[in-house]
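Residue-level structure breakdown
In case you want the letters, here they are:
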Amino acid sequence: VQDCLVEWQESLDVRVGALEGYAIAPVTEIGPSAREWASSPRLALRATVPAPSCEISVAGREPDIRATVVSAVSLGEDRAAARGFITYEVRFAPANTFRFILPKGTGGAVRFDEGGIRERTMRETGQGDEWTVVSQDAILGAFTLNIDWIMPFKPGGAPVRAPEIRIPGASSQRGFVLL
C-alpha cells in the first residue's frame, strides 16, 4: 500500500484535482513513520492501484487585511488635535500598500510617525481625504501607523466632531474613539 501525505502553509490555496488510483483517507490512518516526513499533514491519500497519480494545484492567496483604528481627540482653549492609531493585521500573504480615509479637508495637515514608510500620497475623494501608504517591506503580521492633525476649532463655535477614520479594502474594521 502506498500512502501520500500532503502538507502546506496556510498562505497557499491547495486544491486536489484528478485522483487516479488514490482515495482520500483520514490523516489519522496513516502510520506514524510517514508523519516523520510530514509533521502537520492536511491531506492523506491511500493508493488503490499499483501506479496511482494525483494532480494538486497550488496558488498563492491574496492578503487578508483587518484593521483596528483608535481615534483620539484632545481639546485645548484654542485648538483641537486629533490623533489616529491604525493597526493593520495582514494574514495569508504579505502586503505593502495600506489605505485609509480621513475627513475632508485634513489633507496636508496630517503628520506621520515615519517608521517603516517608503511612500505616502493623498487624494481628495467624495468620501474624504484618501491616503495610500507604502511600507518599506512587505508585511505579514502587524503594521501600525500613527498620524495626527489639527482640527478646526473655536470655543463657542461649531461643535467638534470626533474624526472618523475608514479603511477601504479591509475585510474587517473595528474602531474606538477616545476623548
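In this report, we go over the structure that sits alongside the text. (Residues numbered from 1 in each chain as written. Predicted model: local features only at pLDDT ≥ 70, side-chain atom pairs only at ≥ 80, totals over all residues. Heavy atoms only, no water.)

Moving on, we come to the overall build of the protein chain. Broken down by element type, the protein chain carries 0 helices and 11 strands. Going from the N terminus to the C terminus, the protein chain shows its helices and strands as β-β-β-β-β-β-β-β-β-β-β. Relative to the compact-globule value of 16 Å for 179 residues, the protein chain shows a C-alpha radius of gyration of 25 Å, a clear excess of over 25%. The principal-axis extent of the C-alpha atoms belonging to the protein chain is close to 85 × 25 × 25 Å. (Helix = DSSP H or I, 4+ residues; strand = E, 2+ residues; numbered from the N terminus. Rg over C-alpha atoms; globule rule 2.2 N^0.38 Å.)

With that out of the way, let us pick up the nonpolar core. In terms of nonpolar packing, the biggest core is built from 26 residues, with Ile86, Tyr88, Phe100, Ile147 and Ile165 touching the most fellow members. If you list the elements that add at least two residues to this core, you get β6 (64-75), β7 (80-102) and β10 (128-151). It is β7 that provides the largest number of residues to this core, a total of 9 residues. Sequence-distant contacts of isoleucine 86, defined by excluding residues within four places in its chain, comprise Thr68, Val69, Phe100, Phe143, Thr144, Leu145, Ile147, Ile165 and Ile167. (Core = buried A, V, L, I, M, F, W, Y, C linked by side-chain atoms within 4.5 Å. Buried < 20%, exposed > 50% of the residue type's maximum accessible area, 1.4 Å probe, protein only. Contact = heavy atoms within 4.5 Å.)

Both strand β9 (residues 117-125) and β10 contribute to a ladder of 8 bridges, which runs antiparallel. Of the residues in β10, the one forming a bridge with threonine 125 is glycine 128. Counting the residues between successive antiparallel strands, the hairpin from β9 to β10 contains 2 residues. (Pairing = 2+ DSSP bridges.)

Let us look at the side chain of glutamate 130. Turning to its location among the elements, glutamate 130 is positioned in strand β10. Here the side chain of glutamate 130 touches arginine 99 through a polar contact of 3.2 Å, side chain to side chain. (Polar contact = N/O pair within 3.5 Å; in protein donor to acceptor, adjacent residues only side chain to side chain.)

Time to look at the packing of aromatic side chains. Within the structure shown, the criterion is met by 6 aromatic pairs. Taking the centre distance of 4.8 Å and the plane angle of 45° together, the rings of tyrosine 88 and phenylalanine 98 count as tilted. Phenylalanine 98 shares its class with tyrosine 88; the two are buried. Taking the centre distance of 4.7 Å and the plane angle of 20° together, the rings of phenylalanine 98 and phenylalanine 143 count as stacked. Here the residue phenylalanine 98 occupies a position in strand β7, and phenylalanine 143 occupies one in strand β10, the gap between them amounting to 45 residues. For the residue pair phenylalanine 98 and phenylalanine 143, the accessibility class agrees, reading buried in each case. An aromatic cluster of three or more residues is present, and its members are Tyr88, Phe98 and Phe143. (Phe/Tyr/Trp six-rings, centres within 6.5 Å; stacked < 30°, edge-to-face > 60°.)

Glancing now at the sheet that holds strand β3 (residues 22-25). On the basis of which strands lie adjacent, the open sheet formed by 3 strands has the order β1-β4-β3 and antiparallel pairing. Whereas interior strands pair on both sides, the edge strands pair on one side only; in this sheet they are β1 (3-6) and β3. Sheet twist, expressed as the mean angle between neighbouring strand axes with direction ignored, is 30°. Bridge count for β3 against strand β4 (residues 43-47) is 4 bridges, and the pairing is antiparallel. Bridging across to β4, alanine 23 finds its partner in arginine 46. (Axes fitted to C-alpha atoms, helices over the stretch in contact; angles between N-to-C directions.)

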